[in-house]
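# A closer look at the structure
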Amino acid sequence: MWRRVASVSHLFSHSKSTKFNQGASTFKIWETFTSESEIPTPSKGSPFVTFVLGGPGSGKGTQCAKIVEAFGFTHVSAGDLLRREIASGSAYGSVILSTIREGKIVPSQVTVELIQKEMESIDNYKFLIDGFPRSEENRKAFEQTIGAEPDVVLFFDCPEQEMVKRVLNRNQGRVDDNIDTIKKRLEIFDELNWPVINYYSQRGKLHKINAVGTVDEIFEKVRPIFAPLSK
Ligand SMILES: Nc1ncnc2c1ncn2[C@@H]1O[C@H](COP(=O)(O)OP(=O)(O)O)[C@@H](O)[C@H]1O
Ligand SMILES: Nc1ccn([C@@H]2O[C@H](COP(=O)(O)OP(=O)(O)O)[C@@H](O)[C@H]2O)c(=O)n1
Ligand SMILES: [Mg+2]
């Protein structure tokens, strides 16, 4: 039932000779970037994808809202898409719910399909993909299915104690914002996140941001990354 079709191809169709569909040769382009502050220049013909990584409660969603406001991105939250799928009563709903409740990672095939559909439905070329990829499996599934790599990867680096405190105070009625599930999520984050971080760090795409401070203080560290982009 899952198809390896880049049906977001309308987004990528103008980028035939760009990094989006050159496979391994993509990396050659990126190896030339020596400074992590350099980002590629986006154009309306091809999507500009930013992955937003960080542990639970590190402030990904909060900072995404600020980036949307300042730079005109569309926020695509993997967790929100999964919760929307549960609420819609879809066939995947019960599996997704039990996976989230256990603090585990939903199979990449499901999450990537939701992200792909969402990207297709949006009339914008600047995307923030929040909470994804959470594992190497997630990362590879996105690249293989969508045929694209991110342009920028943000990583909100936050101490565990601070993340736990924030999640327990979040008050959004989420089934996974309780101490038992948080512990599990942090364990899984620790186990699966670092290979993804290392992967993008080696490719010069990673922007690691200290996520301790006020929301505005943190955004002032994010802002310069996107400064070359106009809204
Ligand atoms: N810099 C910050 N300092 C204190 N609390 C924060 C900060 N950023 C976000 N929060 C709060 O912490 C909770 C988790 O933030 P959120 O953006 O949902 O994180 P994530 O998406 O990474 O799980 C929310 O209640 C949010 O209001
Ligand atoms: N790529 C993803 C993103 C979220 N999820 C699931 O959805 C849950 C909530 O994700 P989220 O991004 O909304 O959570 P926060 O980091 O924002 O607290 C995760 O703990 C996973 O169970 C997933 O399986 N795969
Ligand atoms: Mg979030």
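Just above, that's the structure.
Presented here is an overview of the structure given in this document. (Residues numbered from 1 in each chain as written. Chains lettered and ligands numbered in written order. Predicted model: local features only at pLDDT ≥ 70, side-chain atom pairs only at ≥ 80, totals over all residues. Heavy atoms only, no water.)

## Brief notes about the layout of surface pockets
As a reminder, the rule being used: Cavities and pockets are found on a 1 Å grid laid over the protein atoms alone: a cavity is a set of points where a 1.4 Å probe fits but cannot escape, a pocket is an open set with protein on both sides within 12 Å along at least five of seven lines, and a lining residue has an atom within 4 Å of such a point. Grid points are joined across faces, edges and corners, and a volume is the space filled by probe spheres set on the points. By definition, any uninterrupted DSSP run of H or I lasting at least four residues is a helix, any uninterrupted run of E lasting at least two residues is a strand, and each is numbered from the N terminus. Classification used: nonpolar for Ala, Val, Leu, Ile, Met, Phe, Trp, Tyr, Cys and Pro, charged for Asp, Glu, Lys and Arg, polar for all others including Gly.
The computed volume of the largest pocket comes to approximately 820 Å³. Lining the largest pocket are 40 residues; nearest its centre among them are Lys60, Arg134, Arg170, Arg174 and Arg185. Elements that contribute at least two residues to the lining of the largest pocket include exactly α3 (60-71), β2 (74-77), α4 (78-87), α8 (160-168), α9 (179-202) and α10 (215-226). With five residues, the single largest contributor to the lining of the largest pocket is α4. Taken together, the residues of the lining of the largest pocket break down into 13 nonpolar, 16 polar and eleven charged.

## Some thoughts on the site of ligand 1
Test applied: One heavy atom within 4 Å of a molecule or strand is enough for the residue carrying it to be called near that molecule or strand. We call two N or O atoms a polar contact when they sit within 3.5 Å, provided that within protein one can donate a hydrogen and the other can accept it, with sequence-adjacent residues counted only if both atoms are side-chain atoms. Here the Shrake-Rupley method, with its probe set to 1.4 Å, supplies the accessible areas, and only the displayed protein chains count as covering residues. Each molecule is checked against the cavity or pocket grid, and it sits inside if more than half of its atoms lie within 2 Å of the grid points.
Contacts to ligand 1 come from 14 residues, most closely from Gly57, Lys60, Thr62, Arg170 and Gly213. Between ligand 1 and Gly213, the relevant distance is 2.8 Å, taken from a nitrogen atom to a main-chain nitrogen or oxygen of the residue. Coverage of ligand 1 by the protein amounts to 75% of the 550 Å² it exposes when considered alone. Judged by its atoms lying within 2 Å of the grid points, ligand 1 is housed in the largest pocket. Elements with a minimum of two residues in the shell around ligand 1: α3 and α10. The element best represented in the shell around ligand 1 is α3, accounting for three residues. A breakdown of the residues in the shell around ligand 1 according to their chemical character gives three nonpolar, eight polar and three charged.

## Points about empty space enclosed by the protein
Taken as a whole and judged by the stated rule, the model has one cavity of 30 Å³ or more. In this structure, the largest cavity encloses a volume near 50 Å³. If you list the elements that add at least two residues to the lining of the largest cavity, you get β1 (48-54) and α9. In terms of residue count, β1 provides more of the lining of the largest cavity than any other element does, three residues in total. The residue makeup of the lining of the largest cavity, split by class, is five nonpolar, three polar and two charged.

## Some details on the pairing of β1
Note the cut-off: To sort residues, take the accessible area from a 1.4 Å probe on protein chains only and compare it with the maximum for the residue type: under 20% means buried, over 50% means exposed, and anything in between is partly exposed. Strand pairing is assigned whenever DSSP detects at least two bridges linking the two strands.
Burial analysis of β1 places seven of its seven residues in the buried class, which makes it a mostly covered element. Because side chains alternate across β1, one face comprises the buried residues Phe48, Thr50, Val52 and Gly54, and the other comprises Val49, Phe51 and Leu53, equally buried. Where β1 lies against strand β3 (residues 126-130), five bridges are found, and the strand directions are parallel. What sits directly across from Thr50, in β3, is Leu128. When β1 meets strand β4 (residues 152-157), the two strands line up parallel, connected through five bridges. Its bridge partner being in β4, Leu53 is matched across the sheet by Phe155.

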